[in-house]
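Listed here are the chains, written in short residue letters.
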Amino acid sequence: HTQASLGKSFSHGMLRGRSGAMLLGLLPLTVVPTAAFAPAQAFLRPGKNGLGKIGQHRAPGLAFAAPARGFKGAAMGLLDGLKKTLGGELPTRGYDDLKPGTFAHEAAQYALKGEIKEKSASGHDIATFGGGCFWGVELAFQRVPGVIETCVGYSQGELKHPMYELVCTGMTGHTEIVQLTYDPKVTNMKVLTRLLFSRIDPSLKDQVGNDRGTQYRHGVYYHTEAQKKEAEEVFKEIEAAGGGPIYTELEPVGVMYPAEEYHQQYLERGGRMGMGQSAAKGCTDPIRCYG
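These numbers were taken from a predicted model, which means no experiment stands behind them.

Draft legend 1. Representation of the pairing of strand β7 (residues 249-252) in the model. Bridge count for strand β6 (residues 218-222) against β7 is four bridges, and the pairing is parallel. Within the sheet, the bridge partner assigned to Gly219 lies in β7 and is Glu249. Between the parallel pair β6 and β7, the chain is carried across by helix α8 (residues 225-240), and the sense of this crossover is right-handed.

If you want it as structure tokens, here you go:
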């Protein structure tokens, strides 16, 4: 197995891999309930990732409902308790593994400064989306004409510079996200938001396909008011199609912490099967979400 696939295939709170083993030694099992963990069952069932067109799988007549974040708050309480138990801060990650010249490396420099940017160093607009496991949704965005670069990471949480294994516990408040740069002359926020909705069931709370937990919640995290306005129009389209409640978040983006290098463009680079999938613009090949 690759390091990435080991991270995705944990179950019953058992985090695997070198970093995961280290964390198991730190996490008192009596403090962490099984509900805080989200076994990625879809890892064992490739292709079951909740794909479909806008409105599919949703019955008409149900009202819009804002996301409830009660469990997220409880998870953060557990995280604070764990910090006290350990007598200090939780382990975090550096970004030396990220390749210079990539957008992930650029985003890491912003994360280290706690900055949230509207445009990339090359002058392109930046957009951020959560769509469950970031591997498949990143490849979907890579294929969009007008999308320049992508990277995956963690956002909307409390812990700075979180490690993947900690995010997987569901206790840090982060969700897995794709952050991308795009040319607004070629594509726009409406197109990108519609693509997100084509890959999720917005009526599922904290879940995409069989991946469950606050770290898999879906959302549009805007960088500007103009992006928010465009996204809102698509949210209205989804609501008009019927079949709420809509649990997809629409919030200002927080600091984005790039994920480890082995997660970046994971499916294009081969995935767990070592069989790279096309990121060519306009490609419509089915996406094998776990490689």
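Draft legend 2. How the structure looks around the pattern of salt bridges. In total, this model carries nine salt bridges according to the counting rule given. For Arg93, the salt bridge is made with Glu260, and the minimal N-O distance between the two is 3.9 Å. Pair noted here: Arg93 is in the loop between α3 (70-86) and α4 (103-113) and Glu260 is in the segment after β8 (257-258), with a separation of 167 residues, a long-range link. Glu249 is paired through a salt bridge with Arg217; the nearest N and O atoms lie 3.2 Å apart. Of this pair, Glu249 sits in strand β7 while Arg217 sits in the loop between β5 (211-212) and β6, and the two are 32 residues apart along the sequence. Assigned by exposure class, Glu249 and Arg217 land together as buried. One network of salt bridges, in which partners are shared, links Arg93, Asp97 and Glu260.

Draft legend 3. Broad picture of the packing of aromatic side chains. What the rule picks out here adds up to five aromatic pairs. Each ring, one from Phe129 and one from Phe141, has its centre 4.9 Å from the other, and the planes form 25°; the classification is stacked. A residue pair is termed long-range when its members are at least 10 positions apart, and Phe129 in strand β1 (residues 125-131) and Phe141 in helix α5 (residues 134-142) qualify at twelve residues. Neither Phe129 nor Phe141 differs from the other in exposure class; each is buried. A connected cluster of aromatic rings, assembled from ring pairs, spans Phe134, Tyr154 and Tyr164.

Draft legend 4. Just unusual backbone geometry, in detail. Unlike most non-glycine residues, Gln156 shows phi in positive territory, near 70°. Residue position: Gln156 is located in the loop between β2 (147-155) and α6 (164-167). Overall, the relative accessible area of 11% leaves Gln156 in the buried class. The phi angle at His161 is positive, at roughly 55°, despite the residue not being glycine. Of note, His161 is situated in the loop between β2 and α6.

Draft legend 5. Inspection of the pairing of β2 at higher detail. Judged by how many residues are buried, β2 sits mostly within the fold: seven of nine residues are covered. The pairing of β2 with β8 spans two bridges and is antiparallel. Bridge pairing in β8 places Tyr154 opposite Tyr257.

Draft legend 6. View of the environment of Lys281. Here Lys281 shows up in the segment after β8. In sequence terms Lys281 and Gln142 are 139 residues apart; their C-alpha atoms lie 7.2 Å from each other. Separated by 3.2 Å, the side chain of Lys281 and the backbone oxygen of Val144 make a polar contact.

Draft legend 7. Inspection of the side chain of His218 at higher detail. Of note, His218 is situated in strand β6. Its relative accessible area of 1% is what places His218 among the buried residues. There is a polar contact of 2.6 Å between the side chain of His218 and the backbone oxygen of Leu204.

Draft legend 8. Inspection of the sheet that holds strand β3 (residues 175-182) at higher detail. If you walk across this open sheet you meet the six strands as β7-β6-β1-β3-β2-β8, and the pairing is mixed. The open sheet has two free edges, formed respectively by β7 and β8, since each of these has just one partner strand. Contacting β1, β2, β3 and β6, helix α7 (residues 189-198) crosses the sheet at an angle of about 15° to β1.

Draft legend 9. Spatial organisation of α4. Taken together, the buried positions of α4 are Phe103, Ala104, Glu106, Ala107, Ala108, Tyr110 and Ala111. Close packing links the buried residues of α4 with β1, β2, β3 and β8.

Draft legend 10. Inspection of the side chain of Gln156 at higher detail. In terms of polar contacts, Gln156 uses its side chain to reach the side chain of Ser155, at 2.9 Å. A polar atom in the side chain of Gln156 sits 3.4 Å from the side chain of Glu251.

Draft legend 11. Up close: the confidence of the model for the chain. The predicted model of the chain has a mean per-residue pLDDT of 79, with 72% of residues at 70 or higher. Taken element by element, the predicted model of the chain shows its lowest mean pLDDT in helix α2 (residues 18-24) (39) and its highest in β1 (99). Within the model, pLDDT remains below 50 along residues 1-69, and this stretch shows 146 contacts once partners closer than five positions in the same chain are excluded.

Basis of the calculations
- Residues numbered from 1 in each chain as written.
- Predicted model: local features only at pLDDT ≥ 70, side-chain atom pairs only at ≥ 80, totals over all residues.
- Heavy atoms only, no water.
- Pairing = 2+ DSSP bridges.
- Helix = DSSP H or I, 4+ residues; strand = E, 2+ residues; numbered from the N terminus.
- Right-handed = clockwise from strand over helix to strand, strands pointing away.
- Salt bridge = Lys/Arg side-chain N within 4 Å of Asp/Glu carboxyl O.
- Buried < 20%, exposed > 50% of the residue type's maximum accessible area, 1.4 Å probe, protein only.
- Phe/Tyr/Trp six-rings, centres within 6.5 Å; stacked < 30°, edge-to-face > 60°.
- Polar contact = N/O pair within 3.5 Å; in protein donor to acceptor, adjacent residues only side chain to side chain.
- Contact = heavy atoms within 4.5 Å.
- Axes fitted to C-alpha atoms, helices over the stretch in contact; angles between N-to-C directions.
- pLDDT = per-residue confidence, 0-100.

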